[in-house]
Amino acid sequence: MEHSILSVRHLKKDFGTTSVLKDISLEVKKGDVIAIIGPSGSGKSTFLRCVNLLENPTDGEIFYQSNIPTRASFKEANEIKKEYDIKIAKLKKEGAFAGDIEKIITERNIKIDAINSSFDRIDNSAIFQINKLSLDQKQYEKDLHNEFNRTINPDKAQLSDFKHKIDVFEEEFKAVKHPTSEMKNEHNEGLKKLEDLYKNLKVSLKEKAVQERTKVNYEEIVEKRKQLKANLKHEIEARIVESREDTSKKINELKGTINNIDINLVRAKITMVFQSFNLFNNYDVLGNCVLGQTKVLHNSKKEAIEIAKNALKTVGMQDRMHYRVNEISGGQKQRVAIARAMCMNPDIVLFDEPTSALDPEMVNEVLQVMKKLADEGMTMIVVTHEMNFAKNVANKVLFMEDGYVVEEGNPDQVFNHPKNKRTAEFIGGSK
Ligand SMILES: Nc1ncnc2c1ncn2[C@@H]1O[C@H](COP(=O)(O)OP(=O)(O)O)[C@@H](O)[C@H]1O
Ligand SMILES: [Mg+2]
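S.K.: An account of the overall build of the protein chain is requested, with residue identities and associated values reported.
M.R.: Across its full length, the protein chain holds 15 helices and ten strands. Taken over C-alpha atoms, the radius of gyration comes to 30 Å for the protein chain, far larger than the 22 Å a tight globule of 431 residues would show. Dimensions of the protein chain, computed from C-alpha atoms along their principal axes, come out at roughly 110 × 55 × 45 Å. Going through the 431 residues of the protein chain one by one, you find that 40% of them count as buried. Accessible surface for the protein chain amounts to roughly 25,400 Å². Of this, 50% is attributable to carbon and sulfur atoms. Across the protein chain, 68 positive and 66 negative side-chain charges occur, with their mean positions spaced 3 Å apart.

Dropping the structure here:
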């Protein structure tokens, strides 16, 4: 079986207390065109942003394996390039035979290939593991502090547990879709009972505290409690220090494995096309396609221009390469953005609703370019509302809702035989 080039396993993403991605898994193979559909707010953009490393996932794993050269190998390869450039220039000047120059060029290419392939494949899951370790550490410290407070002040803990019970009771009722008036009455009665019990508990705990204060040995009790508090605090602090050391040791070990990786390079290899193009307005069309190549891939300017011109030809924008971004239409901007993405020689291109910001008459020109890329074998993940594109171009369709992949299959399965009621409703509604 063919290997996945990207594996997403049980990906979760929270923003504060909101859980946006709840459990997403996806295998992407070379040449896959995966369409992601689903209502607004279901987490589609967040998913792409996690894959592209623009967001740090809360949990789960993303494995992306590619022959990404490290900074060190770039440098080494560049030095060899320079060395050979001088050699070749000298040979040319001396009027060497074309065949001899060819031989030298082949020798150079073999050397550079050897450098690039001598580096291990990069396993960027280390980046995510680091993130998870630091989140786990934070949670551990929070739990310890909680434990401390509960031991020091058991009455308060008892009260807050009771309060929590009331909150849960209310939340559970809120989740009932269409409660009858009988159910409402029953709920209100139950709630009142709980609230009365809560009030009673509060009063009795207060009384208990007052009584305690009148005890003959009260001072002794206070002293003991102080001692307990100090001991516990000390113990918890020691445990935190210990676990912090352990966590940072693990993080440093992981960092050692990724220190050499340029994260921008990973982003270039899983490149993103945005809804709002994100072109640089102060550069012309060609400049937009050259910049990333020289900055991130370290291509020479000459090489970058050549690659950019070819990419612009593919999207039919070669005639406009010296136009400024504000001198071209939305559809043209998006085609330039796609060309720019292709210039990075990516393994995967992520599209986040690439046609949603366009006037209707410009949608097709962009979809056609995307179809062309797909036909040429480009691996793509496309978040889209264009159902026809999903149906006719994708080989796999995912329906996302509320942070889950609700349905997944080939276009025929998802569009013509949806297993899930929600998928059917969504597709029906957007026809
Ligand atoms: N940076 C953020 N901070 C807080 N909430 C966010 C952030 N980004 C997205 N969200 C929330 O996550 C949910 C999913 O958003 P998004 O991934 O953009 O969905 P979609 O692309 O499917 O419309 C939304 O409720 C949105 O408000
Ligand atoms: Mg979105």
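Now that the structure has been shown, we can carry on.
S.K.: So, the pairing of strand E2 (residues 18-29): which residues are in play, and what are the values?
M.R.: Note that strand E1 (residues 4-15) and E2 share eight bridges and pair antiparallel. Its bridge partner lying in E2, Lys-13 is registered against Leu-21. Connecting E1 to the antiparallel partner E2 that follows it, the hairpin turn spans two residues, and Gly-16 within it adopts a positive phi of roughly 60°.

S.K.: Could you give an account of the site of ligand 1, naming the residues involved and the relevant values?
M.R.: Lining the immediate surroundings of ligand 1 are Phe-15, Val-20, Pro-39, Ser-40, Gly-41, Ser-42, Gly-43, Lys-44, Ser-45 and Thr-46. In this structure, Ser-42 approaches ligand 1 through a main-chain N or O atom, which is 3.1 Å from an oxygen atom. Between ligand 1 and the protein, one listed contact pairs an oxygen atom with a side-chain N or O atom of Thr-46 at 2.5 Å. Burial of ligand 1 by the protein amounts to 56% of the accessible area it has alone, namely 560 Å².

S.K.: Break down the pattern of salt bridges for me, citing the residues and quoting the values.
M.R.: By the definition in use, this model includes 20 salt bridges. Residues Lys-250 and Asp-246 are paired through a salt bridge, measuring 3.4 Å at the closest nitrogen-oxygen approach. Residue Lys-250 and its partner Asp-246 are both found in helix H7 (residues 218-258); the two are separated by four residues, about one turn of the helix. For Lys-250, a relative accessible area of 40% translates into the label partly exposed. Judged by relative accessible area, Asp-246 falls into the partly exposed class, the value being 38%. Here Lys-371 ties to Asp-375 by a salt bridge, and the two come within 3.0 Å at their closest N and O atoms. Note that Lys-371 and Asp-375 are positioned in helix H12 (residues 360-375) at a spacing of four residues, about one turn of the helix.

S.K.: Requested: an account of the nonpolar core, with residues and values cited.
M.R.: Counting 50 residues, the largest nonpolar core has Ile-37, Leu-312, Val-336, Ile-338, Phe-351, Met-370 and Met-380 as the members making the most contacts within it. With eight residues, the top contributor of residues to this core is H12. Setting aside residues up to four positions removed in sequence, Phe-351 forms contacts with Leu-48, Val-273, Ile-338, Met-370, Leu-373, Met-380, Ile-381, Val-382 and Val-383. Grouped together as the second largest cluster of nonpolar side chains are 29 residues, Val-8, Phe-47, Leu-48 and Ile-270 included.

S.K.: Quick rundown of the packing of helix H9 (residues 285-295) against helix H11 (residues 330-343)? Include the residues and the values.
M.R.: Running from N to C, H9 and H11 cross one another at 25°; their axes reach a closest spacing of 8 Å. In terms of orientation, H9 lies roughly parallel with respect to H11. As H9 packs across H11, the resulting crossing turns out to be right-handed. Of the residues in H11, those in contact with Val-285, Asn-288, Cys-289 and Gln-293 of H9 are Val-336, Ala-339, Arg-340 and Cys-343. Partitioning the contact of H9 with H11 into residue classes produces five nonpolar, two polar and one charged.

About the cut-offs
Residues numbered from 1 in each chain as written. Chains lettered and ligands numbered in written order. Predicted model: local features only at pLDDT ≥ 70, side-chain atom pairs only at ≥ 80, totals over all residues. Heavy atoms only, no water. Helix = DSSP H or I, 4+ residues; strand = E, 2+ residues; numbered from the N terminus. Rg over C-alpha atoms; globule rule 2.2 N^0.38 Å. Buried < 20%, exposed > 50% of the residue type's maximum accessible area, 1.4 Å probe, protein only. Areas by Shrake-Rupley, 256 points an atom, 1.4 Å probe, with all protein chains shown as cover. Lys, Arg positive; Asp, Glu negative; His and termini not counted. Charge placed at Lys NZ, Arg CZ, Asp CG, Glu CD. Pairing = 2+ DSSP bridges. Near = heavy atom within 4 Å. Polar contact = N/O pair within 3.5 Å; in protein donor to acceptor, adjacent residues only side chain to side chain. Salt bridge = Lys/Arg side-chain N within 4 Å of Asp/Glu carboxyl O. Core = buried A, V, L, I, M, F, W, Y, C linked by side-chain atoms within 4.5 Å. Contact = heavy atoms within 4.5 Å. Axes fitted to C-alpha atoms, helices over the stretch in contact; angles between N-to-C directions. Parallel < 35°, antiparallel > 145°, perpendicular 65-115°, else oblique. Left-handed = near helix turned anticlockwise from the far one by under 90°. Nonpolar A, V, L, I, M, F, W, Y, C, P; charged D, E, K, R; others polar.

Function-wise, these values are silent; they only describe arrangement.
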